[in-house]
Amino acid sequence: MSGFVRANVAAMAGYVPGEQPKEGEAVKLNTNENPYRATEKAYDAIRAVADRGLSRYPNAVAQPFREVAAALYGVEPDWIMCGNGSDDVLTVLTRSFVGENELLRLPYPSYILYKSLAEIQGARSEEVRFDADWRLPEYFAQAPATEPNAPWRVNPLENVAADSLKLVYLPNPNSPSGTVLSVAEIEKIADSLSCPLVVDEAYADFAGFNCVELVKRKTNVAISRTMSKSYALAGLRFGFLIARPELIEQTLKVKDSYNCDGLSIAAATAALQDQDWLAETTKKIVATRERQTKRMRELGFVVPDSSANFTWNVWPDASVSHKELYEYLKRNGYLVRYMNYAGWGDGLRISVGTDEQTDACLALVERFLNGDR
Ligand SMILES: *Cc1c(COP(=O)(O)O)cnc(C)c1O
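### Thoughts on the domain arrangement of the chain
- Domain annotation of the chain identifies domain 1 (2–30 + 276–369) and domain 2 (40–274).
- One C-alpha centre belongs to domain 1, the other to domain 2, and the line joining them spans 23 Å.
- Tallying the contact residues gives 26 residues for domain 1 and 32 residues for domain 2.
- Here domain 1 and domain 2 share an interface that buries about 2500 Å² over both sides, 63% of which is from carbon and sulfur atoms.
- Run the count over domain 1 and domain 2 and you get 0 salt bridges.
- Remark: the boundary between domain 1 and domain 2 carries 12 residue pairs in polar contact (both at pLDDT 80 or more).

### A short note on unusual backbone geometry
- Backbone torsion omega between Tyr108 and Pro109 reads -5°, so that peptide bond is classified as cis.
- Of note, the phi angle at Asn101 is positive, near 70°, even though the residue is not glycine.
- Along the chain, Asn101 falls in the loop between helix 4 (86–97) and strand 3 (103–108).
- Not every positive phi belongs to a glycine, and Ala232 is a case in point at roughly 60°.

### Things to note about the nonpolar core
- Core analysis: the biggest nonpolar cluster contains 62 residues, and Phe65, Leu197, Met227 and Phe238 have the highest contact counts within it.
- In terms of domain composition, this core takes at least three residues from each of domain 1 (2–30 + 276–369) and domain 2 (40–274).
- With near-sequence residues (within four places) excluded, Met227 lies in contact with Phe65, Ala232, Leu233, Ala234, Phe238, Phe240, Ala268, Ala271 and Leu272.
- Leu29, Phe301, Leu362 and Phe368 belong to the second largest nonpolar core, which has 22 residues in total.

### Remarks on the site of the ligand
- Neighbouring the ligand are the residues Gly85, Ser86, Asp87, Tyr111, Asp200, Ala202, Tyr203, Thr226, Ser228, Lys229 and Arg237.
- Contact between the ligand and Tyr203: an oxygen atom at 2.5 Å from a side-chain N or O atom of the residue.
- Calculation on the ligand without its partners gives an accessible area of 390 Å², and the protein chains cover 93% of this total.
- Across the shell around the ligand, the residue classes break down as 3 nonpolar, 4 polar and 4 charged.

### Re the sheet that holds strand 1 (residues 27–29)
- Strand order in this open sheet of 4 strands is 1-10-11-9, and the pairing throughout is mixed. Single-partner strands in this sheet number two, and they are strand 1 and strand 9 (310–313). Adjacent strand axes in the sheet meet at a mean angle of 30° when their direction is disregarded.
- Sheet analysis places strand 1 next to strand 10 (residues 334–341), joined by 3 bridges and oriented parallel. Residue pairing in the sheet places Lys28 in a bridge with Leu335 of strand 10.

### Here we look at the packing of helix 3 (residues 63–73) against helix 9 (residues 262–273)
- One can describe the packing of helix 3 onto helix 9 by two numbers: an axis separation of 9 Å at closest approach and a directional angle of 20°. If you check the angle between helix 3 and helix 9, you find them roughly parallel. Relative to helix 9, the crossing made by helix 3 is left-handed. Here Pro64, Phe65, Val68, Ala69 and Leu72 of helix 3 lie close against helix 9, whose contacting residues are Ile265, Ala268, Thr269, Leu272 and Gln273.
- Across the contact of helix 3 with helix 9, the residue classes tally to 8 nonpolar, 2 polar and no charged.

### Re the sheet that holds strand 5 (residues 165–171)
- Across the sheet, 7 strands lie side by side as 2-8-7-6-5-3-4; this open sheet has mixed pairing. Whereas interior strands pair on both sides, the edge strands pair on one side only; in this sheet they are strand 2 (80–83) and strand 4 (124–129). Here the strands of the sheet are splayed against their neighbours by 25° on average, with no regard to which way each runs.
- With respect to the sheet, helix 6 (residues 183–192) is in contact with strand 5, strand 6 (197–200) and strand 7 (221–226), its orientation differing from that of strand 6 by roughly 155°.
- Across the sheet, helix 8 (residues 245–254) touches strand 2 and strand 8 (239–242), and the angle it forms with strand 2 is around 30°.

### Quick notes on the pattern of salt bridges
- In the structure shown here, the tally under the stated rule is 22 salt bridges.
- Where Asp205 meets Arg225, a salt bridge forms, and the shortest distance between an N and an O atom there is 3.8 Å. Here Asp205 is found in the loop between strand 6 and helix 7 (212–217), whereas its partner Arg225 is found in strand 7, with 20 residues between them in sequence.
- Its relative accessible area of 24% is what places Asp205 among the partly exposed residues.
- On the accessibility criterion, Arg225 (4% relative accessible area) is buried.
- Connected through salt bridges with shared partners, the residues Glu187, Asp191, Arg217 and Lys218 form a single ionic network.

What counts, and at which threshold
Residues numbered from 1 in each chain as written. Predicted model: local features only at pLDDT ≥ 70, side-chain atom pairs only at ≥ 80, totals over all residues. Heavy atoms only, no water. Domains from an automatic or database assignment. Contact = heavy atoms within 4.5 Å. Buried area = accessible area lost by both parts, 1.4 Å probe. Salt bridge = Lys/Arg side-chain N within 4 Å of Asp/Glu carboxyl O. Polar contact = N/O pair within 3.5 Å; in protein donor to acceptor, adjacent residues only side chain to side chain. Helix = DSSP H or I, 4+ residues; strand = E, 2+ residues; numbered from the N terminus. Core = buried A, V, L, I, M, F, W, Y, C linked by side-chain atoms within 4.5 Å. Buried < 20%, exposed > 50% of the residue type's maximum accessible area, 1.4 Å probe, protein only. Near = heavy atom within 4 Å. Areas by Shrake-Rupley, 256 points an atom, 1.4 Å probe, with all protein chains shown as cover. Nonpolar A, V, L, I, M, F, W, Y, C, P; charged D, E, K, R; others polar. Pairing = 2+ DSSP bridges. Axes fitted to C-alpha atoms, helices over the stretch in contact; angles between N-to-C directions. Parallel < 35°, antiparallel > 145°, perpendicular 65-115°, else oblique. Left-handed = near helix turned anticlockwise from the far one by under 90°.

See the structure below:
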């Protein structure tokens, strides 16, 4: 019966998430999870909901969370849409804005899921290359070129209409690089685009700045956020969108009616209310990130300044194989992410762990470089 599957689904490879080893099998530095335990208030909230019972449907728009988030970011609750993880938010956005054969733009290399979402939708994606310093060319903010081999475009695209661009994704900080564009740079991009710009701020809590002000000032900027990374709740699945009410209203029609469950809504709300926990935890992670960056550079890697909870590590020549180092670390119980981007190159994305985990990983990297292979 697989012949009945839509052609665009049959043709796609599917998004491959990072490995999830069995509990205790490896130290996970591969999917940018938080090494610390979430605020106890989140766990208390889950227990309280469980005690009250789960026989009723949850609030369809996660209103308690919207109210807390609105107060925190200085907007009204109708500026917030909640999702079952921010991946769900991105799915809803893609379905809301990009039709068949229309164009979704994303930078390259960045979060691979955006491209998969376009493929499911039967839409096309235009990947625009970062330069060697992880800056974007002016082309990123312009109408799509109609010639197939436009400069900076990763793959040729046939029959592109100048008005086919419907949505632009920009992760800031970016993954895998951890690098950022400034608010002023992003504002410039928004100003020259004629379609919505979604800034994926999955890692913004580690950056010390964000684009919330832009959402208030510009009609075409939206922000997606997740509780998975900075709030240490990846197992919960909760993310949200901050955007103007007229845009939120449309996305609410597209999302599943009960896309967030009662346990998640309660836990995410409690976690968002504990800003002291967030400040303390991100401070620790940022300090460890800075040590990790410094040490990897001393060992000889090229590491761009990271504003996230991971670093991107590239050996300057072919004398060290990233793949072999990845396998060596894995054999020794440390799982990092080996990334190989066609036409760009490969490298290791290493999440920031506890001080102990990160130090042990760095010591293993050093042993490998000293010939223990
Ligand atoms: C981890 C990540 C997400 C997804 O977060 P979830 O809320 O766990 O779905 C979204 N965007 C980027 C860039 C990420 O790295």
